[in-house]
Amino acid sequence: MTTVFPTATITGYPRIGARRELKRAVEAYWAGKSNQNELKQTAQKIQQDAYRTLTERGLTDDYAIPADFSFYDQVLDTTRLFTALPARFESVRDDSGLIDLDGYFALARGTEHLPPLELTKWFDTNYHYLVPEIGPATGFTLNTEALDDLLAAAEAAGTSARPSITGPLTYLLLAKAEDGSPADFAPLDRLADLLPLYRELLAHLASRGVRWVQFNEPALGADQAVSEAELVQLIEKTYGEFTQLSDRPSLLVTSPYGNLTGLLEPLVTSGVEALHLDLVSTGYDQDALARLFGGDSAPLLVAGVVNGRNIWRNDLAASLHTLQAVGAASVSTSTSLQHVPYDLDLETGLDQKLTSWLAFAHQKVSEVALLARGLAEGPEAIATEVEQAKAALAARAQSSGVNDPCIRERTLSITPENYERPSARVRQQAQEDLNLPLLPTTTIGSFPQTGHIRSLRADYRKGALTREELDTHLREEIRCVIDFQERLGLDVLVHGEAERNDMVQYFAENFDGFAPTEHGWVQSYGSRCTRPSILWGDVKRSGAGTRGEAFTVPWISFAQQQTDKPVKGMLTGPVTILAWSFVRDDQPLAATATQVALALADEIADLEAAGTRIIQVDEPALRELLPLRAEDQAAYLDWSVGAFRLATSQVADSTQIHTHLCYSEFNEIFGAIDALNADVTSIEAARSRLELLADVPESFDRGIGPGVWDIHSPRVPQVDEIEKLLATALEHIPARQLWVNPDCGLKTRAYKETKASIESLVAATEAVRASLNVAV
Ligand code: MET
Ligand SMILES: [Zn+2]
């Protein structure tokens, strides 16, 4: 049964394509501009490039490379693999009763009549997966078509790849109960019905000659609603059963993102052949691991010592030490490399000095291969490379910009008052002259990024437009966006963010201590990618002095000049700037957040001085960085909420501070959202049909705008649909606190659906206002 496990491996690799080929291909397919064959050819090419590169970089052993290409999302792949189709999607079943590629995309994106599966953050990362909906009657049928295609692509590349599949426990733990399920039902109740399908899968793989399979169980490293004791039993049952099968591939179980704590031992004794641990930021006791994995029937320890989710160069000496101390059998990444960009060599524009401190996916694979050699042949074999890494780390520590005495001194003079504002009541009175109607309507900030805007930006990059000319065009765009909103009858306007390529990178470009990348794209969800900047040094606004210079003020002031309605100043919050950047790992996140907060407070002060009455500070990633274990959460919320308050509390009572949250379920941290102390909070809620409002405490006495339009799909919400959502909202929120807005910014939408949707939103609001007036 067992074939030796490779000494060097990774648990996952990016799949969007080094030049985002998959993004272009799926978007063309969705738009009807290409056919399925063309899409599949692109997918093949991406996989072939991956196998070639990874082999060249040293993953040469059989089964060293996972087959983990995905057209959209790895959890949705598992939903397709087992045909776990929610009843509401019955109509997408294909002729054979399975989910084909179009059905798969329908689940991901919704259809004209069906809202898509819910999108939720993947552990504490900035990746989002599609939440399976499982009910007591959900049927399961194995459909290996997509998996067989991956294996065929690997074979064509001459590689024995290891299928990578969401493990059964994680799949069910990440699922939500289908609507209409009994109150006491949990998807995990269906484990016994799902396990036979996994066994069937193992048999199928064995019959294809596959010798190793990877089951990903990241949910076991995070706190769950189920008790640890129950999980121990489920592990024993699940993996005990699998390992009993006579004809099956050997099993590698991965546990990225967290410490398995009490589940480690049951997994070690479960009989699986190899167990991967994330050894980067999880605090495992090395001696305990050595003892545990030293046992006779223990699995091979696949040691994730190369950070899969940040871009700093590995401290090879430290890693080698860890590998030896724990008795590693194989060297790996801590998580899939899907969270880092492909290749540092593409970044020709980065400062040389900075480049020497970094490693992207390809460089990390080389680090893995190198460490495996050091482990096999002894440290001397890689002594030169270890020394080089050491020298780079030392140079980084001493570099100016990494420590700016003026910035450090400023953080020392922060006082407790810097975090406080007067009561909500006092502020509400001071803000009355904004004269907002009941149920004020607004949007979240960005307006459609049209082809026109993109081509302007491209022309500027090519040198075909001067900065001045570009800015003139952008102001024209802002004028149109303001005019558009006035005509549609919105109450609080936005300038549309046309001058920003990305809500974090824009700040990175205007702050010292950051370096944007050129090709450093990582997948956020589906075809959506972000390009995190590198936060490497001490932070302040760019320009002279410790305060630097204002950069959003000219745009917001220009927008405000075009209208009598209030225009929101628009900033990205400190936690989100951190979460969506690759952050320095040489000081606590809290210290970095404080510096970013001060830079934002400077910008807010300048906006206020320029006459801006409403300022929105977006924190969509607040939930994202929340530690996976309850015991670590209070400390995180303390510094993250603190950073937001430090940025936003030095304003006049008459200045209305908004915040915006999205991309996550926020129910559990509503206390922290309350503590942000914003005057108005807009929050994503449409996809989960406003479930979150049940958790808003009665004491919450400020504005809240649960999203009533899901902007992740092109579907236009109808007036009566929004009216119903508003009626639901009013069951939980007093009318004077309720705002009406979409789930998020509109930059990925087209004008056509934007116009129709805002019309629905305004019409629904007017209808509800009228009914409230009647009721009064
Ligand atoms: C992901 S949150 C986005 C907020 C931002 N202001 C926008 O509208 O695009
Ligand atoms: Zn948002």
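Residues numbered from 1 in each chain as written. Chains lettered and ligands numbered in written order. Predicted model: local features only at pLDDT ≥ 70, side-chain atom pairs only at ≥ 80, totals over all residues. Heavy atoms only, no water.

### So, the pairing of strand S13 (residues 522-525)
Pairing analysis gives 3 bridges linking S13 to strand S14 (residues 528-530), with the strands arranged antiparallel. For tyrosine 525, the partnering residue across the bridge sits in S14 and is arginine 528. Once S13 ends, the chain turns through 2 residues before running back antiparallel as S14, passing glycine 526 with a positive phi of about 50 degrees. (Pairing = 2+ DSSP bridges. Helix = DSSP H or I, 4+ residues; strand = E, 2+ residues; numbered from the N terminus.)

### Looking at the pattern of salt bridges
Per the stated rule, a full pass over the model turns up 45 salt bridges. Ionic pairing is found between arginine 88 and glutamate 133, a salt bridge with its closest N-O pair at 2.9 Å. Of this pair, arginine 88 sits in the loop between helix H3 (74-81) and helix H4 (101-109) while glutamate 133 sits in strand S4 (residues 133-134), and the two are 45 residues apart along the sequence. Taking the relative accessible area as the measure of exposure, arginine 88 reaches 27% and is therefore partly exposed. (Salt bridge = Lys/Arg side-chain N within 4 Å of Asp/Glu carboxyl O. Buried < 20%, exposed > 50% of the residue type's maximum accessible area, 1.4 Å probe, protein only.)

### Observations regarding the UniProt feature "domain: Cobalamin-independent methionine synthase MetE N-terminal" (unreviewed entry) in the protein
Feature annotation in UniProt places "domain: Cobalamin-independent methionine synthase MetE N-terminal" (unreviewed entry) on residues 8-327, given in this structure's numbering. For residues 8-327, the helix share is 39%, the strand share is 12%, and the end-to-end C-alpha distance is 14 Å. (UniProt positions renumbered as here; feature names shortened; annotations may be inferred.)

### Some words on the site of ligand 1
If you check the shell around ligand 1, you find 14 residues, and the closest are Ile444, Ser446, Glu497, Asp618 and Gly745. For ligand 1, an oxygen atom lies 2.7 Å from a polar atom in the side chain of serine 446. Glutamate 497 places a polar side-chain atom, nitrogen or oxygen, 2.8 Å from a nitrogen atom of ligand 1. Here ligand 1 loses 95% of its free accessible area of 300 Å² to cover by the protein chains. (Near = heavy atom within 4 Å. Polar contact = N/O pair within 3.5 Å; in protein donor to acceptor, adjacent residues only side chain to side chain. Areas by Shrake-Rupley, 256 points an atom, 1.4 Å probe, with all protein chains shown as cover.)

### Brief notes about the coordination of the zinc ion (ligand 2)
Every protein donor of the zinc ion (ligand 2) is listed here as His660 (NE2), Cys662 (SG) and Cys744 (SG), and their distances to the metal cover 2.1 to 2.3 Å. Each of the 4 donor atoms around the zinc ion (ligand 2) contributes to a set of angles spanning 99 to 127 degrees, which defines the coordination as tetrahedral. Written as a sequence motif, the donor residues of the zinc ion (ligand 2) are H-x1-C-x81-C. Placement of the pair is cysteine 662 in the loop between strand S19 (656-661) and helix H24 (670-675) and cysteine 744 in the loop between helix H25 (719-732) and helix H26 (751-775), with a sequence separation of 82 residues. (Donors = N, O, S within 2.8 Å, 3.2 Å for Na, K, Ca; no water. Tetrahedral: all angles 85-135°; square planar, octahedral: opposite > 155°, others 65-115°.)

### Observations regarding helix H17 (residues 451-462)
Its 12 residues place the ends of H17 16 Å apart at the C-alpha level, agreeing with the 16 Å of an ideal helix rising 1.5 Å per residue. Where H17 ends, the next residue or the one after it, glycine 463, has phi of about 90 degrees, a positive value. (Expected span 1.5 Å × (residues − 1).)

### Let's talk about the sheet that holds strand S11 (residues 330-333)
Taken in spatial order, the 7 strands make up an open sheet running S1-S5-S7-S8-S9-S10-S11, and their pairing is parallel. Strand pairing shows two members of the sheet lacking a second neighbour, strand S1 (66-67) and S11, which therefore form its edges. With 2 bridges joining them, S1 and strand S5 (residues 162-166) adopt parallel strand pairing. Bridging across to S5, alanine 67 finds its partner in proline 163.

### Quick look at the sheet that holds strand S20 (residues 680-683)
The sheet built from 5 strands is open, its strands ordered S16-S18-S19-S20-S21 with parallel pairing. Both outer strands of the open sheet, strand S16 (568-572) and strand S21 (703-706), are each paired with one neighbouring strand and no more. Direction aside, the axes of adjacent strands within the sheet are offset by 20 degrees on average. Relative to strand S18 (residues 614-618), S16 runs parallel, the two being bridged by 5 bridges. Bridge pairing in S18 links threonine 572 to aspartate 618. Contacts from helix H22 (residues 589-609) reach S16 and S18, with the element oriented near 170 degrees to S16. (Axes fitted to C-alpha atoms, helices over the stretch in contact; angles between N-to-C directions. Contact = heavy atoms within 4.5 Å.)

### Observations concerning the domain arrangement of the protein
Along its sequence, the protein is carved into domain 1 (21-398) and domain 2 (405-447 + 484-750). Inter-centroid distance (C-alpha atoms) of domain 1 to domain 2 is 32 Å. Domain 1 puts 51 residues into the contact, and the matching count from domain 2 is 41 residues. Carbon and sulfur atoms make up 52% of the surface buried where domain 1 meets domain 2, a total of about 3800 Å² over both sides. The largest per-residue losses of area from domain 1 upon contact with domain 2 belong to Leu119, Lys121 and Asn126, which jointly make up 15% of the total buried on that side. (Domains from an automatic or database assignment. Buried area = accessible area lost by both parts, 1.4 Å probe.)

### Here's the deal with the environment of glycine 349
Topologically, glycine 349 is positioned in the loop between S11 and helix H12 (352-355). For the pair glycine 349 and glutamate 518, spaced 169 residues apart in sequence, the C-alpha separation works out to 7.5 Å.

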